[in-house]
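Spelled out from the first residue to the last, the chains are:
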Amino acid sequence: MKMVKIYSTQTCPYCEMAKEYLAEQGIKYENYDVAGDEAARKEMVEKSGQMGVPVLDIDGTIIVGFNKPEMEKALKLNK
Amino acid sequence: MYELIIVGGGPAAISAGIVSARKKIKTLVIADSFGGQWIMAGDIQNFIGTKSVSGFNLAKNLESHLKAQEGIEVKQAAVLKITKKGAGFSIEIDKGETFEAKTVLIASGSGHRKLNIPGEKEFEGKGVFYCATCDAPLMKDRAVAVVGGGNSAFESAISLLDYASKIYVLDRAEILKADEINQEKVRNSGKAEIIAGVSITEIFGDKMVSGLKYQSCDGGEIKELAVEGIFISISRIANNEIVNGLVEVNQAGEIIVDPKTQKTSVDGIWAAGDVTDVLYKQGNVAIGDGMKAALNIYSYLRIDNKK
Ligand SMILES: Cc1cc2nc3c(=O)[nH]c(=O)nc-3n(C[C@H](O)[C@H](O)[C@H](O)COP(=O)(O)OP(=O)(O)OC[C@H]3O[C@@H](n4cnc5c(N)ncnc54)[C@H](O)[C@@H]3O)c2cc1C
């Protein structure tokens, strides 16, 4: 099982799409709301070198934005 | 061969798709995503018939309304090019496939425009943002700037009111275009300052943005603001690459249409929504124009050509 973390905000539509996509694929993830949680915000900036959401951490692979092909690659969903 | 191919997945395309499906026009809608710019819009308060709806939910509703139409075909892909072929058109998509149609409706909307100033590209995502709905919550207790003076700029400022400690709104124009109700909300918040008639000359910082420089449009000294976030919401650019050289566009690159019918300069091609030279770039207007286009395409296919 892959370790998937998503750094998001509650209002961000692309975060919602990324979560929906993970759910559709039956993948469990941990969600960090970077608006309320300064420690998570710092962690996200350190990992991705930037502040835009969403950021995904899939077993150490960092993906900025909702990028389906990159997610598929990191999750090894590619057939 | 389709009777109609609609390019786009925003309000204009979806409205046209629903009308054409109900008219039983053999239609294919090709879009790389559905809902258009409304995906990014925060709270929409002028969608007629609904007091308040989140842009994301409205976008989802549009998509499901389209997909519920019997007989409509929908393909998720990016259109690369449209060319004339025989009496109709050939549409090439990113997966190498091509489709043919008698008529085409371009509803590819618009994309965000950049300021093209030093620091903008370097700090993208590092304090320079184009979607306030997405990134406003990161600006908790921080000073920010919004660049632009239209409704989308003021809506960005409104989303920031809940988080930022100070909001500067900067625009080139002296008289701002945004609806008075939006301007009032920002002005009366007690934490916003509106600086009109200026242009941003530079964005600076170390790893992340720490400020910007601006100058009044009539020259004058360059001033600095200390901000950690800069939200750029200036006028947008028409997504016209797919019809490059095929239809007539104005100086801003917007497709020129006949406002009564949405016809372009090329027989068989219509356009609607933000990609056109329509004066008002609004979702409600795009929906009306998409509908006009589909009704006129119906006349063209089934009535005019039968005479
Ligand atoms: C933050 C924000 C807030 C807004 N708030 C409001 C509001 O409160 N009320 C209001 O009325 N309007 C609002 N608007 C304006 C409104 O969203 C637009 O006027 C409207 O979305 C335009 O619709 P459209 O269908 O012409 O284009 P778009 O919404 O731009 O849609 C274009 C579609 O075409 C697709 N596309 C583009 N190129 C291609 C291609 N080559 N191949 C395949 N598909 C392609 C895109 O993926 C997209 O789905 C807002 C806009 C923004 C950005």
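Residue numbers here run from 1 along each chain, matching the order of that chain's written sequence. All chains are assigned letters beginning at A, and all ligands numbers beginning at 1, according to the order in which they are written. Whole-chain, interface and lining totals are the exception, using all residues; otherwise, since this is a predicted model, local features are given only for residues with pLDDT of at least 70 and side-chain atom pairs are given and counted only at 80 or more. Side-chain measures here rest on the full set of heavy atoms in the structure, leaving out hydrogens and waters.

**Student:** Quick one: what's the story with the overall build of chain B, residue by residue and with numbers?
**Tutor:** Per the convention used, a helix needs a DSSP run of H or I reaching at least four residues, while a strand needs a run of E reaching at least two, with both numbered from the N terminus. Across its full length, chain B holds six helices and 19 strands. Against the compact-globule benchmark of 19 Å for 307 residues, chain B has a radius of gyration of 21 Å, which places it among compact chains. With respect to the principal axes defined by its C-alpha atoms, chain B has extents near 65 × 40 × 35 Å. Partly exposed describes any residue whose relative accessible area lies between the buried limit of under 20% and the exposed limit of over 50%, with all areas from a 1.4 Å probe on protein chains only and scaled to the type maximum. Counting every position in chain B, which comprises 307 residues, the buried fraction comes to 51%. For this analysis, residues touch if any pair of their heavy atoms sits within 4.5 Å. Counting only contacts in chain B whose residues sit at least 6 apart along the sequence, the fraction spanning at least 24 positions is 58%. His is not counted, nor are the chain ends; Lys and Arg add positive charge and Asp and Glu add negative charge. Each charge is placed at NZ for Lys, CZ for Arg, CG for Asp and CD for Glu. Treating the 36 positive side-chain charges of chain B as one cloud and the 38 negative ones as another, the clouds have centres 6 Å apart. C-alpha atoms define the radius of gyration in this analysis, and the globule rule sets the expected value at 2.2 Å times the number of residues to the power 0.38.

**Student:** Pulling in residues and values, what's your account of the packing of helix α1 (residues 11-22) of chain B against helix α2 (residues 55-67) of chain B?
**Tutor:** All names here are of chain B. For helices, the axis comes from a line fit to the C-alpha atoms of the stretch in contact; other axes are also lines fit to C-alpha atoms, and the angle between any two N-to-C directions lies between 0 and 180 degrees. Packing of α1 against α2 brings their axes to within 9 Å, and their N-to-C directions diverge by 25°. The angle between the axes of α1 and α2 places the two elements in the roughly parallel class. For the pair α1 and α2, the sense of crossing is left-handed. Within the contact between the two elements, α1 uses P11, I14, G17 and I18 and α2 uses L62, E63, H65 and L66. For this classification, under 35 degrees means roughly parallel, over 145 means roughly antiparallel, 65 to 115 means roughly perpendicular, and everything else is oblique. Crossings are sorted by hand: turned counterclockwise from the far helix by less than a right angle, the near helix makes the crossing left-handed, and turned clockwise it makes it right-handed.

**Student:** Pulling in residues and values, what's your account of the sheet that holds strand β14 (residues 198-205) of chain B?
**Tutor:** Residues and elements named next belong to chain B. Strand order in the open sheet made by the three strands is β14-β15-β16, with antiparallel pairing throughout. Every interior strand has two partners, whereas the edge strands, β14 and β16 (222-226), have only one. Across the sheet, the mean angle from the axis of one strand to that of its neighbour is 25°, orientation sign disregarded. Strand pairing is defined by DSSP finding a minimum of two bridges between the two strands. Pairing of strand β15 (residues 209-216) with β16 involves five bridges; the strand directions are antiparallel. Of the residues in β16, the one forming a bridge with G211 is A226.

**Student:** Could you give an account of a negative patch on the surface, with specific residues and numbers?
**Tutor:** Residue and element names in this part refer to chain B. Negative charge collects at one region of the surface, where D43, E155, D179, E180 and E184 lie side by side. Position of E184 relative to the elements: it lies in helix α5 (residues 180-187). Judged by its relative accessible area of 42%, E184 is partly exposed. Patch definition: residues above 30% relative accessible area lacking any salt bridge, with like charges linked at up to 9 Å and the nonpolar side chains Val, Leu, Ile, Met, Phe, Trp and Tyr linked at up to 5 Å. Surface accessibility in these figures is a Shrake-Rupley result with a 1.4 Å probe; residues are shielded only by whichever protein chains are displayed. We count a salt bridge whenever a side-chain nitrogen from Lys or Arg sits within 4 Å of a carboxyl oxygen from Asp or Glu.

**Student:** Go over the domain arrangement of chain B with me, naming the residues and quoting the values.
**Tutor:** Residue and element names in this part refer to chain B. Each assigned domain of chain B is listed with its residue range as follows: domain 1 (2-112 + 236-306) and domain 2 (128-232). Segmentation of the chain into domains, including their bounds, is taken from an automatic or database domain assignment. Measuring from the centre of the C-alpha atoms in domain 1 to the corresponding centre in domain 2 gives 32 Å. Listed per partner, the contact involves six residues of domain 1 and five residues of domain 2. For the pair domain 1 and domain 2, the number of links is zero salt bridges. Polar contacts, as counted here, are pairs of nitrogen or oxygen atoms within 3.5 Å of one another; within protein the pair requires one atom able to donate a hydrogen and one able to accept it, and residues that are adjacent in sequence qualify only if both atoms are side-chain atoms. Counting across the interface, domain 1 meets domain 2 through one residue pair in polar contact (both at pLDDT 80 or more).

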